[in-house]
Amino acid sequence: MNNALKTIISYGLWPALLAGCLAVTVFGMHIGHGILVFNIAYLSLAVTLFFTERLMPFEKSWLGNDGQLMADLSHTAFNKGAVQVLIAVGAAFGIAEAFASDVGGHLWPTHWPLAFQVVLGLVMIEIGLYAAHRLAHEWPLLWRFHAVHHSSKRLSFINTGRFHVVDTVASIALSQPILFLFGAPIEVFQLVSATTAFIGMLTHCNVDMKFGWIAYIVNTPTLHRFHHSKKLVEGNTNYGENLMFMDLLLGTYYNKPNRPSANIGINEPMPDNFLGQIAQPFRRRPVQNQNLSEGSV
Ligand SMILES: [Zn+2]
Ligand SMILES: [Zn+2]
């Protein structure tokens, strides 16, 4: 591969994959099968990243089997199930409709082009997502749950969904309701959720890609690798889920040219299996959050 082509691929792959997945999802919504087509796009992205991680890995040592495949997939499925239940319960009690019609349904700028509405939605939920993520690192009680995500010893698209279900519910509870509160249409809600899912998988992938100014706007694998670092100065940064403006505003943005260490994970015990990981936050033990554990390293 010549150098010019390499450069084009390393800078163009991330935007092309995100734009492609979103275009397919929008098409699915147009033909009335939004959720089905989103799931096809999501699985296709996973397959694409599986091969791309092997063709152009950022960290070769992360390609091996870490023994966590079943745990990662179980967390992913469990979280997906929990989110579906939350949506079903919300719909059954008419929570969304109540918010939309009684509180602020008329506030949402439905006359804007759909893409602008989605960007507005992403900006609005980012405030809650940032708060939930930062709290998960700085509040020892929540760190117990978030530690499951950070216990991964490698980064790959496979561990995108490795979150304790309590961690997932907390970040949804602090972010999604604002869209209902302002009466965002269902298409906006769907596209904001789809964008979050695609960016989440791209953020965790072990593909050697490059980012210029994009890394000041959206969350990228380069930024998130620092977030998974064991070093305090790198790890307690880049809390943004999709967008980085909260980190830039609050001084937690970290983007240096140095290569983050491949030795990632946490400095506390975590069971190897899914059920043990689900139970771990509820076990009696001295609480140690990332800040405290990092201090001694
Ligand atoms: Zn984190
Ligand atoms: Zn992560």
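Fair warning: this is a prediction, and the values are worked out from it, not measured in the lab. Throughout this description, residue numbers start from 1 for each chain and increase along the sequence as written. Naming scheme: in the order in which they are written, chains are lettered from A and ligands are numbered from 1. Where totals are concerned, whole chains, interfaces and linings use all residues; where local detail is concerned, this predicted model gives features only for residues with pLDDT of at least 70, and gives and counts side-chain atom pairs only at 80 or more.

Here we take up the overall build of the protein chain. Counting its regular elements, the protein chain contains 14 helices and zero strands. Secondary structure is summarised from DSSP: a helix means a run of H or I of at least four residues, a strand means a run of E of at least two, and numbering begins at the N terminus for each. Each helix and strand of the protein chain, placed in order from N terminus to C terminus, yields the pattern α-α-α-α-α-α-α-α-α-α-α-α-α-α. Neighbour counting defines burial: a residue surrounded by 20 or more other C-beta atoms within 10 Å of its own C-beta is buried, one with 12 or fewer is exposed, and intermediate counts give partly exposed, using backbone-placed C-beta atoms. When burial is assessed residue by residue, the protein chain has 38% of its 297 residues classed as buried. The contact rule is simple: place each C-beta atom from the backbone, and if two of them lie within 7 Å, those residues are in contact. For the protein chain, the proportion of contacts with a sequence separation of at least 24, taken over those separated by at least 6, is 73%.

Another point: the packing of helix α1 (residues 3-30) against helix α9 (residues 186-204). Two elements in contact, α1 and α9, have axes whose closest approach is 10 Å; the angle formed by their N-to-C orientations is 150°. It follows that α1 is roughly antiparallel to α9 by the angle criterion. Considering only the axes of α1 and α9, their crossing is right-handed. Together, Trp 14, Leu 17, Leu 18, Cys 21, Leu 22, Thr 25 and Met 29 of α1 and Glu 187, Gln 190, Leu 191, Ala 194, Thr 195, Phe 198, Ile 199 and Leu 202 of α9 make up the contact between the two elements. Three residue categories are used. Nonpolar comprises Ala, Val, Leu, Ile, Met, Phe, Trp, Tyr, Cys and Pro, charged comprises Asp, Glu, Lys and Arg, and polar comprises the others, including Gly. Of the residues belonging to the contact of α1 with α9, the class tally is 11 nonpolar, three polar and one charged. Axis angles are defined between N-to-C directions and span 0 to 180 degrees, where every axis is a line fitted to C-alpha atoms and, for a helix, only to the segment in contact. In this scheme, roughly parallel covers angles under 35 degrees and roughly antiparallel covers those over 145, while 65 to 115 is roughly perpendicular and the rest are oblique. Each crossing gets its handedness from the near helix: less than a right angle anticlockwise from the far helix is left-handed, clockwise is right-handed.

Looking now at the confidence of the model for the protein chain. Across the protein chain, the average pLDDT comes to 90, with 90% of residues at or above 70. Within the protein chain, no element has a lower average pLDDT than helix α14 (residues 290-295), which sits at 44, and none a higher one than helix α12 (residues 245-250), at 98. The low-confidence segment residues 291-297 (pLDDT under 50) makes 11 contacts with residues lying over four places distant or belonging to another chain. The score called pLDDT rates the predictor's confidence residue by residue, from a low of 0 to a high of 100.

This part takes up α1. Side chains three or four residues apart in an α-helix point the same way, a direct result of the helix having 3.6 residues per turn. To estimate the expected span of a helix, count its residues, drop one, and scale the result by 1.5 Å. Taking 1.5 Å per residue as the helical rise, α1 with its 28 residues ought to reach 40 Å, and the 40 Å between its terminal C-alpha atoms agrees with that figure. Approximately 45° is the largest bend angle found in α1, and it occurs at Gly 12, with the proline Pro 15 only one to four residues beyond. Every buried residue belonging to α1 is among Leu 13, Trp 14, Leu 17, Cys 21, Thr 25, Val 26 and Gly 28, and all of these are buried. Looking at the buried residues of α1, the elements they touch are α2 (34-55) and α9. Downstream of α1 by a residue or two, Gly 32 has a phi angle that is positive, lying close to 85°. Take the seven residues that end at a residue and the seven that start at it, fit an axis to each, and the angle between those axes is the bend at that residue.

Take the nonpolar core next. As used here, a nonpolar core is made of buried Ala, Val, Leu, Ile, Met, Phe, Trp, Tyr and Cys residues. They are joined through C-beta atoms within 7 Å. Residues Leu 45, Val 192, Phe 198, Met 201 and Leu 202 are the most contacted members of the largest nonpolar core, which totals 45 residues. Element by element, the count of residues in this core is highest for α9, at nine residues.

Our next topic: the packing of α2 against α9. Packing of α2 against α9 leaves a shortest axis separation of 11 Å and a crossing angle of 10°. Put simply, α2 runs roughly parallel to α9. Only Gln 190, Ala 194, Ala 197, Phe 198 and Met 201 of α9 make contact with α2, whose side of the interface consists of Gly 34, Phe 38, Tyr 42, Leu 45, Ala 46 and Leu 49. Partitioning the contact of α2 with α9 into residue classes produces nine nonpolar, two polar and no charged.

Now for the environment of His 75. Counting through the fold element by element, His 75 comes out in helix α3 (residues 69-92). Along the chain, His 75 and Gln 277 lie 202 residues apart, while their C-alpha atoms are 9.3 Å from each other. Residues in contact with His 75, not counting those within four places in the same chain, are Gly 161, Arg 162, Phe 163 and Phe 274.

In this section: the environment of Leu 202. Mapped onto the elements, Leu 202 comes out in helix α9. The spatial distance from the C-alpha of Leu 202 to the C-alpha of Leu 45 is 8.6 Å, given a sequence separation of 157 residues.

This brings us to the environment of Ala 170. Relative to the helices and strands, Ala 170 resides in helix α7 (residues 165-173). Judged by the 20 C-beta atoms lying within 10 Å of it, Ala 170 falls in the buried class. Sequence separation between Ala 170 and Leu 129 is 41 residues; the distance between their C-alpha atoms is 9.2 Å. When sequence neighbours within four positions are dropped, the list of residues in contact with Ala 170 reads Ala 132 and Leu 142.

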